[in-house]
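# Chains, contacts and geometry: an overview
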Amino acid sequence: MFLIRSLKLWSLLLCCVCLSNWQTMAVCSEPEVSPSATVTNETLLALIEQLGDNQFSSRQHARERLLRLGTRVRPALLESLTHADLEIRMQARSLITKIDEMAFTHQLEDFLAEQNPSQEVNLPTWPQFRELVGNDPTARRLFAEMQRHEHHLLKTYAASPAKAGNALWSRCDQIQRSRTLRPVYRETLSAGRIAALFLVYSDHRVKGRQRSAPYINAFCNQEPLRRAAYGEYQRPMQAILGSWIRGADQQTIFHALRLAMRLNLQDGLVPAERILQSYPQSPKNVLQFALLTVGKLGDSQHIPLVENLMEERARCSAHTIRGINYRTEVRDIALACSIHLAGMNPQEMGFDRLELHSETLFQTRSLGFADEDTRGAAIKKWQQLRQPQGSSSPVE
């Protein structure tokens, strides 16, 4: 009796297996669809209906065939988003996302492989990027990285710069917040991501971009930006950062000047000159950094512009050393920068405590004087070296 029951059970299992194999063979025996082959609407509709089949293997086979057809099936899948079958709606939505990702990947591959500079590129912000950075292989690789990391932001910005402010803030906020998460969940500040964020912010047409200023300023002081500025994409990356520096607004001017000095970017002279030329209307707290930027990046032609601030007594710093109080004023920085731009050593002109700084040229605290007599003596030395007609060149 036991043997008979076992034989019946094994027979039942064998029938189930054969039936399952027959169904799979029936599905797989359908002719494969070539990506370049012509597909009728009836075939597409049948494949879409098959997405709701009870058999998993049948649904999976239909999905694979639709993926191979690529973008051609996208319109039909869009119509299927309102299908009565929930499974078909879910599968259609998933396929659309996957097909778009595959198409975008192929588009970037074609973009990187293209050797014809005049070839039209249908990627958001490419015309603006090409005008600013160029079209050499390194620039194209950076642009591809920007697209991979911030395609949605760049697409929003290209469609309407005036409406990209919220998208920019949202991305900056997400990136900054992710830094508090475990490493596996963090959004890294890659070169492509940094380039995209700064490219969008540098456009004055982006309304509400100042809302993102605290994040942009914070990114300036982080190690990933320094690596990006000196790494594989150095030239195009510095071109984008330079554009942001030239157009720095009131919310970013301080960090823009610091970044220009840190990277030795001549673009920093643009906002620095703007600040010095608008003196005394310029904010006092940025005058010293504008002077240091001109002192580090400028030349002797900037001396008259710097000399205009030799009467500004606004305090920059104050400290005490061995019971002696030292006070650094804007005019002290202007004097030291003028001497430096003239090709001379400020230490030989009365700045006995001078300390150099790799980023900001001088340590501002080392430019202060203990009293007016010492300060006046340094100013007098400078004036004596000026030609009688008041030109910017010292007497040889």
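Just above, that's the structure.
Analysis parameters
- Residues numbered from 1 in each chain as written.
- Predicted model: local features only at pLDDT ≥ 70, side-chain atom pairs only at ≥ 80, totals over all residues.
- Heavy atoms only, no water.
- Helix = DSSP H or I, 4+ residues; strand = E, 2+ residues; numbered from the N terminus.
- Expected span 1.5 Å × (residues − 1).
- Buried < 20%, exposed > 50% of the residue type's maximum accessible area, 1.4 Å probe, protein only.
- Contact = heavy atoms within 4.5 Å.
- Salt bridge = Lys/Arg side-chain N within 4 Å of Asp/Glu carboxyl O.
- Phe/Tyr/Trp six-rings, centres within 6.5 Å; stacked < 30°, edge-to-face > 60°.

## Observations regarding helix α17 (residues 330–341)
Between the first and last C-alpha of α17 there are 16 Å, a value that for 12 residues agrees with the 16 Å anticipated at 1.5 Å per step. Judged by how many residues are buried, α17 sits mostly within the fold: 11 of 12 residues are covered. Those residues of α17 lying buried are Val330, Arg331, Asp332, Ile333, Ala334, Leu335, Ala336, Cys337, Ser338, Ile339 and Leu341. On its buried face, α17 is in contact with α15 (284–297), α16 (303–307), β1 (315–321), β2 (324–329), β4 (361–362) and α18 (372–384).

## Overview of the pattern of salt bridges
Taken as a whole, this structure holds 22 salt bridges when the rule is applied. For Asp249, the salt bridge identified is with Arg209, shortest N-O distance 3.5 Å. Here the residue Asp249 occupies a position in the loop between α12 (234–246) and α13 (253–263), and Arg209 occupies one in the loop between α9 (191–201) and α10 (213–220), the gap between them amounting to 40 residues. Across the salt bridge formed by Asp332 and Arg375, the nearest N and O atoms sit 2.7 Å from each other. On the criterion of sequence distance, the pair formed by Asp332 in helix α17 and Arg375 in helix α18 is long-range, its members being 43 residues apart. Residues Asp332 and Arg375 agree in their burial class; the two are buried. Salt bridges here are not isolated pairs; linked through shared partners, they connect Arg327, Glu329, Arg331, Asp332, Glu372 and Arg375.

## Details of the packing of aromatic side chains
Across all of its chains, the model carries 8 aromatic pairs by this definition. Judged by centre distance (4.7 Å) and plane angle (85°), the ring pair of Phe254 and Phe289 falls under edge-to-face. Highlighted residues: Phe254 in helix α13 and Phe289 in helix α15, separated in sequence by 35 residues. A ring pair is formed by Phe351 and Phe369, whose centres lie 5.1 Å apart and whose planes are at 50°; its orientation type is tilted. With Phe351 in the loop between α17 and β3 (356–357) and Phe369 in the loop between β4 and α18, this residue pair connects regions lying 18 residues apart in the sequence. The exposure classification of Phe351 matches that of Phe369, with both residues buried. Through successive ring pairs, a cluster of aromatic residues spans Phe111, Trp126, Phe129 and Phe143.

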